[in-house]
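Listed below are the residues making up each chain.
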Amino acid sequence: MLLSEIAAASEAVAAASARRDKIALLATCLRQAAAGPGADAPVVAAWLSGRTFQRRTGLGWASLRSAPPPAQQPTLTVREVDDALARASLLTGPGSATERQIIVTSLLATATAPEQRLLTGLISGELRQGAAAGLLVDAVASAAAVPLASVRRALAVHGDLPDVAAAALEGGASALAAFQLSVGRALAPMLAAPAPELDAALAKTGPAGVEWKLDGVRVQIHRQGDEVAVFTRTLDDITARVPEVVEAARGLTAGTTIMDGEVLATTATGRPAPFQVTSARVARRDVEKGRAATPLSLTLFDTLHVDGDDLIDLPGSARRARLEAAAPHLVVPRHLVEDPSDAAEVARAQAFSADTLARGHEGVVVKSLAATYTMGRRGAGWVKVKPRITLDLVVLAAEWGHGRRTGRLSNLHLGARDPEGEYGPPGGFVMLGKTFKGLTDQMLAWQTERLRELAERESTWVVHVRPELVVEIAFDGVQRSPRYPAGLALRFARVLAHRPDKPAAQADTITTVRAHHVVEEEDGAVTAHGSEGTEQG
DNA sequence: TTCCGACAGTGGGGTCGCAAT
DNA sequence: ATTGCGACCCCACTATCGGAA
């Protein structure tokens with residue numbers, strides 16, 4: 001199959017707006033890939049979902065910066081391109097980066113303009129065709145003429161879209177049925193939808209368990225005897241980096257099992273360490289030293305398989321019972337709410353939630369007692385609730401947006417007042433991070449106009465403005481930063497509202513921001529840096 | 001007809017290891 | 001030794017489509 005056929009399909013998908021049309025175009029291309037000579041279907045399925053076939057190629061934005069002019073005639077085949085990407089992905093050691101760049105450059109030089117757009121989209125990970133893995137699942141079902149649910153289920157238990165697509169196209173429903181939940185093979189973890197408050201969460205779930213939400217790294221643990229494998233949320237295998245988890249898994253009473261949980265670094269006093277600490281430990285390759293300096297603890301909150309029994313189609317309450325039997329010492333604490341319409345019950349759940357936060361955890365997850373384990377979905381079965389902090393900050397600059405935000409000033413640079421001049425001239429501002437979130441199209445249009453009026457100087461991407469526009473910002477917390485001048489940055493900042501009515505002189509100060517920075521002292525005591533700030537929002 | 005679930009897109013902060021400088 | 005890059009970890013939110021209510 002020719003690359004140009006995929007490029008043409010991708011262009012058509014991008015041009016279509018209706019999902020049905022996109023799915024039909026994807027399905028046609030998939031059928032052609034399956035019907036043609038060679039085994040192009042898995043690779044084509046990956047590309048049509050916006051990804052390279054290889055999980056990691058070592059290629060990214062930087063390798064695309066100086067693209068050669070496009071070729072006039074399409075000659076590249078799917079096979080050739082995939083082979084080239086596979087070669088690039090396997091390169092390692094001195095000279096490998098140079099060699100990878102040569103591969104990319106020669107690919108692009110052989111590609112026509114539409115093919116270059118496809119290749120750069122795949123390599124950068126930003127194909128922007130309005131279809132990704134989600135729509136491709138629909139397209140696979142359509143192309144193979146099998147029920148959508150059968151494709152979804154195969155994908156959920158197998159985890160690999162190209163494999164599932166190829167099986168469906170070649171063997172239809174019976175081939176899909178062969179994909180079964182298997183201990184040792186990672187599957188898409190269930191996700192939680194957000195809710196602003198506990199009562200809203202309970203309204204969604206009905207009778208539920210309210211659990212601690214730990215601010216660590218999600219792990220899916222597979223154990224078969226002494227064989228243990230540990231996967232992350234994106235199914236990355238991190239077994240070698242978390243020996244504590246492997247040992248804990250070997251200690252379970254269940255000899256064959258799949259468990260869902262969270263790993264977390266803790267301080268000497270057992271309080272949760274900041275996320276950055278856990279993240280650094282899990283990423284670290286030097287496990288010996290990592291473990292000595294930052295041991296990890298494991299907490300489990302679900303189980304998908306125990307000793308021959310698949311549990312994913314059981315209600316949450318039944319899975320919890322199996323979990324408690326198999327791992328009583330590792331189960332996450334929870335509070336039961338049997339009747340969400342009972343105000344007294346809700347109040348007790350609120351108290352549990354407040355206690356959870358007081359212990360230093362991120363929030364709570366409300367889990368329906370009735371819901372099955374819906375893999376890879378963000379349904380109403382699990383709902384997370386986290387506290388939110390709000391501050392009024394000042395826009396220092398803005399960056400031009402990409403994609404559908406092209407031509408709009410999108411990403412805002414946020415600063416707090418620095419009246420004492422700790423980080424510059426007194427009465428100035430100190431940058432705490434950026435945000436592009438929470439903006440409606442109307443807000444984008446408005447701020448583009450307003451910030452242009454305030455513009456002081458511009459570079460290619462950034463418009464620096466007079467610090468006059470105040471924005472109300474919500475965020476989850478203040479974290480240590482190696483990047484910003486105050487050594488602090490906002491976590492998950494988003495815009496709630498523009499405040500043109502509020503003078504910058506009344507915006508919040510760096511002292512107020514610092515008060516929200518939770519610091520773990522050596523003795524384990526927890527203090528907010530400086531005076532106590534105003535919590536909640 | 002209106003509502004709501006699922007998706008894609010638009011990027012944020014931090015950290016590591018590796019190759020290049 | 002430092003810097004740049006890719007690949008991960010954690011994400012929030014809006015617009016849109018299309019089926020459900």
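Keep in mind it's a predicted model, so treat the numbers as computed, not measured.

Criteria and cut-off values
Residues numbered from 1 in each chain as written. Chains lettered and ligands numbered in written order. Predicted model: local features only at pLDDT ≥ 70, side-chain atom pairs only at ≥ 80, totals over all residues. Heavy atoms only, no water. Near = heavy atom within 4 Å. Polar contact = N/O pair within 3.5 Å; in protein donor to acceptor, adjacent residues only side chain to side chain. Helix = DSSP H or I, 4+ residues; strand = E, 2+ residues; numbered from the N terminus. Nonpolar A, V, L, I, M, F, W, Y, C, P; charged D, E, K, R; others polar. 1 Å grid on protein atoms, 1.4 Å probe; cavity = no way out; pocket = protein on both sides within 12 Å on 5 of 7 lines; lining within 4 Å. Points joined across faces, edges and corners; volume = space filled by probe spheres on them. Domains from an automatic or database assignment. Expected span 1.5 Å × (residues − 1). Buried < 20%, exposed > 50% of the residue type's maximum accessible area, 1.4 Å probe, protein only. Arc of directions from axis to C-beta. Contact = heavy atoms within 4.5 Å. Core = buried A, V, L, I, M, F, W, Y, C linked by side-chain atoms within 4.5 Å. Pairing = 2+ DSSP bridges. Axes fitted to C-alpha atoms, helices over the stretch in contact; angles between N-to-C directions. Buried area = accessible area lost by both parts, 1.4 Å probe. Salt bridge = Lys/Arg side-chain N within 4 Å of Asp/Glu carboxyl O. UniProt positions renumbered as here; feature names shortened; annotations may be inferred.

Visitor: In this structure, what is going on with the protein's contact with DNA strand C? I would like to understand it.
Guide: Near DNA strand C lie 34 residues; those nearest to it are Arg56, Gly58, Arg65, Thr232 and Thr234. Within the contact set of DNA strand C, a phosphate oxygen lies 3.4 Å away from a side-chain nitrogen or oxygen of Arg55. One nitrogen or oxygen atom from the side chain of Lys384 is found 3.1 Å from a phosphate oxygen belonging to DNA strand C. Taken together, the elements giving at least two residues each to the surface near DNA strand C come down to helix 2 (19–35) and strand 3 (217–224). Along the lines of polarity and charge, the residues of the surface near DNA strand C split into 8 nonpolar, 10 polar and 16 charged.

Visitor: In this structure, what is going on with the layout of surface pockets? I would like to understand it.
Guide: Rolled over the atoms, a probe sized like a water molecule indicates the empty space that remains. In this structure, the largest pocket spans a volume of roughly 1,400 Å³. Ranked by residues supplied to the lining of the largest pocket, first place goes to helix 8 (residues 148–158) with 5 residues. Split into classes, the residues belonging to the lining of the largest pocket amount to 20 nonpolar, 14 polar and 12 charged. Looking at which domains feed residues into the lining of the largest pocket, each of domain 1 (3–177) and domain 2 (193–385) supplies at least three.

Visitor: Sorry, what's going on with the protein's contact with DNA strand B here?
Guide: In the vicinity of DNA strand B, 45 residues are found, and the nearest of them are Arg128, His402, Arg404, Asn411 and Phe436. Each atom of DNA strand B within 4 Å of the protein was assigned to sugar, phosphate or base; sugar and phosphate come to 86%. Here Arg480 contributes a side-chain N or O atom positioned 3.2 Å from a phosphate oxygen of DNA strand B. In the model, a phosphate oxygen of DNA strand B is placed 2.5 Å from a nitrogen or oxygen of the Ser481 side chain. Looking at the surface near DNA strand B, the elements with two or more residues in it are helix 5 (96–110), helix 7 (133–144), helix 12 (275–283), strand 12 (409–418), strand 17 (477–480) and strand 18 (488–491). No other element matches the 4 residues that helix 12 contributes to the surface near DNA strand B. Grouping the amino acids of the surface near DNA strand B by side-chain chemistry returns 15 nonpolar, 16 polar and 14 charged.

Visitor: Can you help me understand helix 16 (residues 441–453) in this one?
Guide: The end-to-end C-alpha distance of helix 16, which contains 13 residues, comes to 19 Å, matching closely the 18 Å that a straight helix rising 1.5 Å per residue would cover. Buried within helix 16 are the following residues: Met443, Leu444, Gln447, Thr448 and Leu451. Projected down its long axis, helix 16 shows its buried positions confined to an angular sector of 135°, all on one face. In helix 16, the exposed residues that point more than 90 degrees away from the buried face are Gln442 and Glu453. Residues of helix 16 that are buried in the fold lie against strand 11 (389–400), strand 12, strand 14 (455–458), strand 15 (462–465) and strand 19 (494–498).

Visitor: It is not clear to me how the nonpolar core should be interpreted in this structure. Could you clarify?
Guide: Nonpolar side chains tend toward joint burial in soluble globular proteins. Ile6, Leu30, Trp47 and Leu136 are the most contacted members of the largest nonpolar core, which has 91 residues in total. Among the elements that take part in this core, helix 7 stands out by supplying 8 residues, more than any other. Both of domain 1 (3–177) and domain 2 (193–385) provide at least three residues apiece to this core. Excluding anything up to four places from it in sequence, Leu30 contacts Ala45, Leu48, Leu136, Ala139, Val140, Ala143 and Leu169.

Visitor: Sorry, what's going on with the sheet that holds strand 8 (residues 334–337) here?
Guide: Where strands meet in a sheet, backbone hydrogen bonds hold them as pairs that are either parallel or antiparallel. Pairing within the open sheet is mixed, and its 5 strands lie in the order 1-10-9-2-8. Whereas interior strands pair on both sides, the edge strands pair on one side only; in this sheet they are strand 1 (193–195) and strand 8. Here the average twist between neighbouring strands, direction ignored, is 30°. Where strand 2 (residues 208–213) and strand 9 (residues 363–368) come together, 6 bridges link them in antiparallel fashion. Of the residues in strand 9, the one forming a bridge with Gly209 is Lys367.

Visitor: Whenever I open this one, the sheet that holds strand 4 (residues 227–231) confuses me. Can you help?
Guide: The strand order across the open sheet formed by 5 strands is 4-3-5-6-7, and the pairing between neighbours is antiparallel. Of all the strands in the sheet, the pair left with one neighbour each is strand 4 and strand 7 (309–310). Relative to strand 6 (residues 296–306), helix 14 (residues 316–326) is tilted by about 125°, and along the sheet it contacts strand 5 (256–265), strand 6 and strand 7.

Visitor: Help me understand the domain arrangement of chain A in this model?
Guide: Accessible area lost during the coming together of the parts is what is often quoted as the interface size. Domain parsing of chain A yields domain 1 (3–177), domain 2 (193–385) and domain 3 (389–520). Between domain 2 and domain 3, the residue contacts involve 7 residues of the former and 4 residues of the latter. Together, the buried faces of domain 2 and domain 3 total about 490 Å²; carbon and sulfur atoms form 33% of this surface. Inspection of the domain 2/domain 3 interface yields 1 salt bridge.

Visitor: Looking at this structure, how should I read the pattern of salt bridges?
Guide: It is possible for side chains bearing opposite charge to pair when their charged atoms get close. Counted according to the given criterion, the structure contains 32 salt bridges. Between Arg404 and Asp441 there is a salt bridge; the shortest N-O distance is 3.3 Å. With Arg404 in the loop between strand 11 and strand 12 and Asp441 in helix 16, the pair connects residues that are 37 residues apart, well separated along the chain. A residue is classified by how much of its surface remains accessible, and Arg404, at 68% relative accessible area, is exposed. Given the relative accessible area of 42%, Asp441 is considered partly exposed. Within this structure, Lys213, Glu362, Lys386, Asp476 and Arg494 form a network of salt bridges that share partners.

Visitor: I would appreciate a short explanation of the pairing of strand 5 in the present structure.
Guide: Each regular strand shows side chains that alternate between the opposite faces of the sheet. Summarising burial for strand 5: 10 of the 10 residues are buried, a large majority. A two-sided burial pattern is seen for strand 5, the buried positions comprising Thr256, Ile258, Asp260, Glu262 and Leu264 on one face and Thr257, Met259, Gly261, Val263 and Ala265 on the other. Strand direction decides the pairing type here: strand 3 and strand 5, joined by 8 bridges, are antiparallel. When the bridges of strand 5 are listed, His222 appears paired with Ile258. In this sheet, strand 6 lies alongside strand 5 in antiparallel orientation, the contact comprising 9 bridges. Each bridged residue has a counterpart across the sheet, and for Ile258 the counterpart in strand 6 is His305.

Visitor: Where do I start with the UniProt feature "domain: ATP-dependent DNA ligase family profile" (unreviewed entry) in chain A in this structure?
Guide: If you check UniProt for "domain: ATP-dependent DNA ligase family profile" (unreviewed entry), the listed places come out as residues 289–418 in our numbering. End-to-end, the C-alpha atoms of residues 289–418 are 40 Å apart, and along that stretch the chain is 25% helix and 38% strand.

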